[in-house]
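The primary structure of each chain is shown beneath.
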Amino acid sequence: MQIVTLTTDFGAGDYDIGAMMGVIWNIAPGTRIVDLSHDIERHNVRQAALLLERSTPYFPAGTIHVVVVDPGVGTHRRQIAAQLGDQWFVGPDNGLVTLMLRLARKGGKPVKIVYTHKRQYWLNQVSSIFHGRDIFAAVAGHLAAGTRLTRLGPVIEDPVLLDFPEPQPHEGGWLGEVMDIDHFGNLEINIHRDLLEGMGPVKVISGGHVLDGIKRTFGEGKPGDLIALIDSSDYLSISLVNGSAADGMPAQVGDAVLVQPVRDADSD
Amino acid sequence: MQIVTLTTDFGAGDYDIGAMMGVIWNIAPGTRIVDLSHDIERHNVRQAALLLERSTPYFPAGTIHVVVVDPGVGTHRRQIAAQLGDQWFVGPDNGLVTLMLRLARKGGKPVKIVYTHKRQYWLNQVSSIFHGRDIFAAVAGHLAAGTRLTRLGPVIEDPVLLDFPEPQPHEGGWLGEVMDIDHFGNLEINIHRDLLEGMGPVKVISGGHVLDGIKRTFGEGKPGDLIALIDSSDYLSISLVNGSAADGMPAQVGDAVLVQPVRDADSD
Amino acid sequence: MQIVTLTTDFGAGDYDIGAMMGVIWNIAPGTRIVDLSHDIERHNVRQAALLLERSTPYFPAGTIHVVVVDPGVGTHRRQIAAQLGDQWFVGPDNGLVTLMLRLARKGGKPVKIVYTHKRQYWLNQVSSIFHGRDIFAAVAGHLAAGTRLTRLGPVIEDPVLLDFPEPQPHEGGWLGEVMDIDHFGNLEINIHRDLLEGMGPVKVISGGHVLDGIKRTFGEGKPGDLIALIDSSDYLSISLVNGSAADGMPAQVGDAVLVQPVRDADSD
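No experiment lies behind these values; they were computed from the predicted model shown.

Criteria and cut-off values
- Residues numbered from 1 in each chain as written.
- Chains lettered and ligands numbered in written order.
- Predicted model: local features only at pLDDT ≥ 70, side-chain atom pairs only at ≥ 80, totals over all residues.
- Heavy atoms only, no water.
- Helix = DSSP H or I, 4+ residues; strand = E, 2+ residues; numbered from the N terminus.
- Buried < 20%, exposed > 50% of the residue type's maximum accessible area, 1.4 Å probe, protein only.
- Contact = heavy atoms within 4.5 Å.
- Least-squares fit on C-alpha atoms with pLDDT ≥ 70 in both.
- Buried area = accessible area lost by both parts, 1.4 Å probe.
- Salt bridge = Lys/Arg side-chain N within 4 Å of Asp/Glu carboxyl O.
- Polar contact = N/O pair within 3.5 Å; in protein donor to acceptor, adjacent residues only side chain to side chain.
- Nonpolar A, V, L, I, M, F, W, Y, C, P; charged D, E, K, R; others polar.
- Pairing = 2+ DSSP bridges.
- Axes fitted to C-alpha atoms, helices over the stretch in contact; angles between N-to-C directions.
- Phe/Tyr/Trp six-rings, centres within 6.5 Å; stacked < 30°, edge-to-face > 60°.

Colleague: Would you take a moment to explain the overall build of chain A for this structure?
Modeller: When its secondary structure is counted, chain A shows seven helices and 15 strands. In terms of overall dimensions, chain A has a C-alpha envelope of 70 × 40 × 35 Å along the principal axes. Looking at chain A residue by residue over its 268 residues, the buried ones come to 60%. When contacts within chain A are restricted to residue pairs at least 6 apart in sequence, long-range pairs at least 24 apart make up 66% of them.

Colleague: Is there a simple way to think about the relation of the copies chain A and chain B in this case?
Modeller: These two copies of the chain differ by a rotation about an axis and a displacement along the same axis. Superposing chain A onto chain B takes a rotation of 120 degrees plus a shift of 0.0 Å along the axis, which leaves an RMSD of 0.0 Å. Look at the turn and shift together and you get a three-fold axis relating the two. A distinct binding surface is used by each copy, with only 4% of the interface residues of chain A retained as interface residues in chain B.

Colleague: I keep staring at the interface of chain B and chain C and nothing clicks. Help me out?
Modeller: One widely used convention gives an interface's size as the accessible area the parts lose upon coming together. Counting residues at the interface gives 27 residues for chain B and 30 residues for chain C. Between chain B and chain C the total buried area reaches about 2,400 Å² when both faces are included, carbon and sulfur atoms providing 58% of it. Of all residues in chain B, Arg32(B), Tyr58(B) and Ser232(B) give up the largest surface area on contact with chain C, accounting jointly for 27% of the area buried on that side. Taken together, the links from chain B to chain C amount to zero salt bridges. Counting the contacts that link chain B with chain C gives seven residue pairs in polar contact (both at pLDDT 80 or more). Of all elements in the fold, only strand S2 (32–37), helix H2 (45–55) and strand S13 (226–230) of chain B reach the threshold of two or more residues within the side of chain B that touches chain C. Broken down by element, the residue count for the side of chain B that touches chain C peaks at four residues, all from S2(B).

Colleague: Mind showing me how you'd approach the interface of chain A and chain B here?
Modeller: Listed as interface residues are 27 residues of chain A and, on the opposing side, 30 residues of chain B. Both sides of the chain A and chain B interface together cover about 2,300 Å² of buried area, and 58% of this is carbon and sulfur. Contact with chain B buries area across many residues of chain A, yet Arg32(A), Tyr58(A) and Ser232(A) alone supply 27% of it, more than any other trio. Linking chain A with chain B are zero salt bridges, by the criterion used here. Put simply, chain A and chain B have seven residue pairs in polar contact (both at pLDDT 80 or more) between them. Every element with two or more residues in the side of chain A that touches chain B is listed here: strand S2 (32–37), helix H2 (45–55) and strand S13 (226–230) of chain A. It is S2(A) that contributes the most residues to the side of chain A that touches chain B, four residues altogether. Tallied by class, residues from the side of chain A that touches chain B come to 12 nonpolar, eight polar and seven charged.

Colleague: Which parts of the structure should I look at to understand the pairing of strand S3 (residues 64–68) of chain A?
Modeller: Across a regular strand the side chains alternate sides, sitting on one face of the sheet and then on the other. Residue and element names in this part refer to chain A. Among the five residues in S3, five count as buried, and that is most of the element. Judged by which residues are buried, S3 turns out to be covered on both faces: Ile-64, Val-66 and Val-68 on one side and His-65 and Val-67 on the other are all buried. Note that strand S1 (residues 3–8) and S3 share five bridges and pair parallel. Within S3, the residue paired with Leu-6 across the bridge is Val-66. With three bridges connecting them, S3 and strand S5 (residues 87–92) associate as parallel partners. In the strand pairing of S5, Ile-64 is matched with Trp-88.

Colleague: Is there a simple way to explain the sheet that holds strand S6 (residues 111–115) of chain C in this structure?
Modeller: By way of backbone hydrogen bonds, the strands of a sheet pair with one another, either parallel or antiparallel. All names here are of chain C. Read from one edge to the other, the open sheet built from six strands follows the order S2-S1-S3-S5-S4-S6, with strand pairing classed as mixed. Where the open sheet ends on each side, the last strands, each with one partner, are strand S2 (32–37) and S6. Averaged over all pairs of adjacent strands, the angle between their axes in this sheet comes to 20 degrees, without regard to strand direction. Strand direction decides the pairing type here: strand S4 (residues 79–84) and strand S5 (residues 87–92), joined by six bridges, are antiparallel. Looking across to S5, one finds that Ile-80 is bridged to Gly-91. Together, strand S3 (64–68), S4, S5 and S6 form the strand contacts of helix H3 (residues 98–106), whose direction differs from that of S6 by roughly 145 degrees.

Colleague: Sorry, what's going on with H3(C) here?
Modeller: Because an α-helix completes one turn every 3.6 residues, residues spaced three or four positions apart along the sequence face the same direction. Residues and elements named next belong to chain C. Among all positions of H3, only Thr-98, Leu-99, Met-100, Leu-101 and Ala-104 are buried. On its buried face, H3 sits against helix H2 (45–55), S3, S4, S5 and S6. Just beyond H3, the residue with positive phi is Gly-108, at close to 65 degrees.

Colleague: I'm lost on the pattern of salt bridges in this one. Help?
Modeller: If the charged atoms of two oppositely charged side chains come close together, the side chains can form a pair. Residue and element names in this part refer to chain A. Applying the stated criterion across every chain yields a total of 30 salt bridges over all chains. Note that Glu-177 and Arg-46 form a salt bridge whose closest N and O atoms lie 3.9 Å from each other. Here Glu-177 is found in strand S8 (residues 173–181), whereas its partner Arg-46 is found in helix H2, with 131 residues between them in sequence. Its salt-bridge partner being Asp-134, residue Arg-133 comes within 2.6 Å of it at the nearest N-O pair.

Colleague: Looking at this model, I keep getting lost on the sheet that holds S5(A). Mind explaining?
Modeller: All names here are of chain A. What the six strands build is an open sheet, ordered S2-S1-S3-S5-S4-S6; its pairing is mixed. A single partner strand is all that each edge strand has here, and the edge strands are S2 and strand S6 (111–115). Within the sheet, the average angular offset between the axes of one strand and its neighbour, ignoring direction, is 20 degrees. Strand direction decides the pairing type here: strand S4 (residues 79–84) and S6, joined by five bridges, are antiparallel. Bridging from a neighbouring strand, Leu-84 pairs with Val-111 of S6. Taken strand by strand, H2 contacts S1, S2, S3 and S5, and its axis lies near 125 degrees from that of S2. Sheet strands in contact with helix H3 (residues 98–106) are S3, S4, S5 and S6, and its direction is about 145 degrees off that of S6.

Colleague: So what exactly am I meant to see when it comes to the packing of aromatic side chains here?
Modeller: Here the distance between the centres and the angle between the planes together describe a pair of aromatic rings. The full count for this structure, using the stated rule, is six aromatic pairs over all chains. Ring geometry for Phe59(B) versus Trp25(C): centroids 6.4 Å apart, planes at 50 degrees, classification tilted. With one member in each of two chains, Phe59(B) in the loop between H2 and strand S3 (64–68) and Trp25(C) in helix H1 (residues 15–27) form a pair that bridges those chains. With relative accessibility at 2%, the residue Phe59(B) sits in the buried group. Judged by centre distance (5.7 Å) and plane angle (70 degrees), the rings of Phe10(C) and Phe130(C) are edge-to-face. One end of the pair, Phe10(C), is in the loop between strand S1 (3–8) and H1; the other, Phe130(C), is in the loop between S6 and helix H4 (131–144), with 120 residues separating them in the sequence. Phe130(C) shares its class with Phe10(C); the two are buried.

As structure tokens, then:
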């Protein structure tokens, strides 16, 4: 069973999503098509890249992820299709693949990216403003129907990549930053749980707030408390129990977050 | 064809829903997965229980309903899977099954509930805050793939149940209450149409409003009228024609609603 | 593979959509069911008709589109099913089919509409307020399962049609109007790109604004600019670059839009 997922910034009510499904089914009738998210913030390529990192590893090998967050549609940006480990990507070449690519490389898995410029794999008529339907859905349909990746266009080695900074060691702890703020208002930090193992008791400092320790669950805080915890993707996050951290603590993507070991002096 | 439905309070744009689908497909590749609703009010177990009562009876026998409205995730609440008549349930043991269970028992149908604590049916790594993916989706995948219910854990006889009061006879009529307010602002009352049969003309009293009779359709009222009618689930509801009853008449879950026969004295 | 699409004004979180899916699967178990949109503005039959025109042509032949935007439910409006070219429709007889029908006739394709009043193809119990589940989903299920259209009821020749005015020639250009405002705030105009071919340079006039030329992409304007362009459905639209035209330029459905050739006098 071939699965194709759709991720866009169109909003859930948009008819264009249906048109994309129709295009895929016309080319690859047996495909199972599923929505990953259509609520990516408009033109927020970074947010979509994070979503792909966090959800694609759970899909069966061979799943094709079509992603249409495409502020450059109609300009000279390339469109690409890629094998990134055991998952596949189709979309614009604007950095959407950054974290899927990093995951695949860390895992020592195969990576191949092609510039899908061959028009025989597009719809006959291509709008200058809706490549999601006319190019990406059509290309995904051909991949789903068994066309080999390298028939879609030439291999490229220089995909556009976004800058997702890695956290830096800092005074025995880590200096990271807010990567995203989710729709519950949780701040997602670029510090992976692996970095925190063996550190012992810590405090988490951001935006003038000092949070004691990393909780295991929301239940360890009281309603209204700001707490730090490891989220379901194994990254550090800052949450407000029964509320929105983004409300309790004005924050934005890129804000610094410091994790420090609790020293003896601190506990005097 | 095995169908699995998903109901959560994640909001429709959340990537976690995709991760749950991926987990299910990895374990049971041929499964058809469909969203029931992801717009349950956050942590509103009661609202999800009502949604299940109203939609699950329309699904083919054997459909598995995965429900993740889980304010107690990471605490000591149990997780369960259940056969409730010809429908199946997977989710936390917090009362979500209350009305599906009541329906099955009223119909004299088989009921079996197990505490799904066997870790071989979970993902290898279990987050303390996202059991929807790591436990419930995995367990549903195994059920969908043919694992017998009783292999998932021991049968329990004491699931957590919510209090959904039954309406009480009152002066020849019925005293009920508002069970829920839907997203059109309609008040849903716990008085079933069966209780009203043979009563003759009635008035419906709630929140200082007295409504004459029970309409058959919205078309019998004028725009702006508050009307009582039998909703599509065969329960009494109060609606504002072309508007939101909740706006026209401040109300909340639990408010009293009285249905009284119209006596001769009333019509003098 | 039989595909059924669902379009409603229920809102994406509504449990009723799940009930409709269950009804279809009970009658036609192998069907692939997909949401086109559930965010049609409440009771906006016109908006749904436009959505169908723009998305149904992309679906495989034989796809059945169930549409429940039904302000007249419970009144004497008819319910219909129809073959409109190679696409199929099930829903109320209130004008929803207007543009699908026009497309089929323009293409010289077969058209057949029946009044689906035969109760053996409905659910046994029919609510007076939810025909989407009790009539339309059931009828679509029977069509999906192979029941012939003409067994569902008698052929009719007088479906209700909406008035979608065609643009008028005007001083060497075209006088059209705003057909819809999409959820990005783009104004969709009833002037097809075919009408503009060969006109040379034009200006687009609406609501006191004069826009120079028709852009090929959003990228040809600066953020905050109002621009005219051809949208992904090949109709003229007015958009605000990186914003909402509806905010930058108060407009409503039916507003006049004039496309005029740029004359020598204009460029003096």
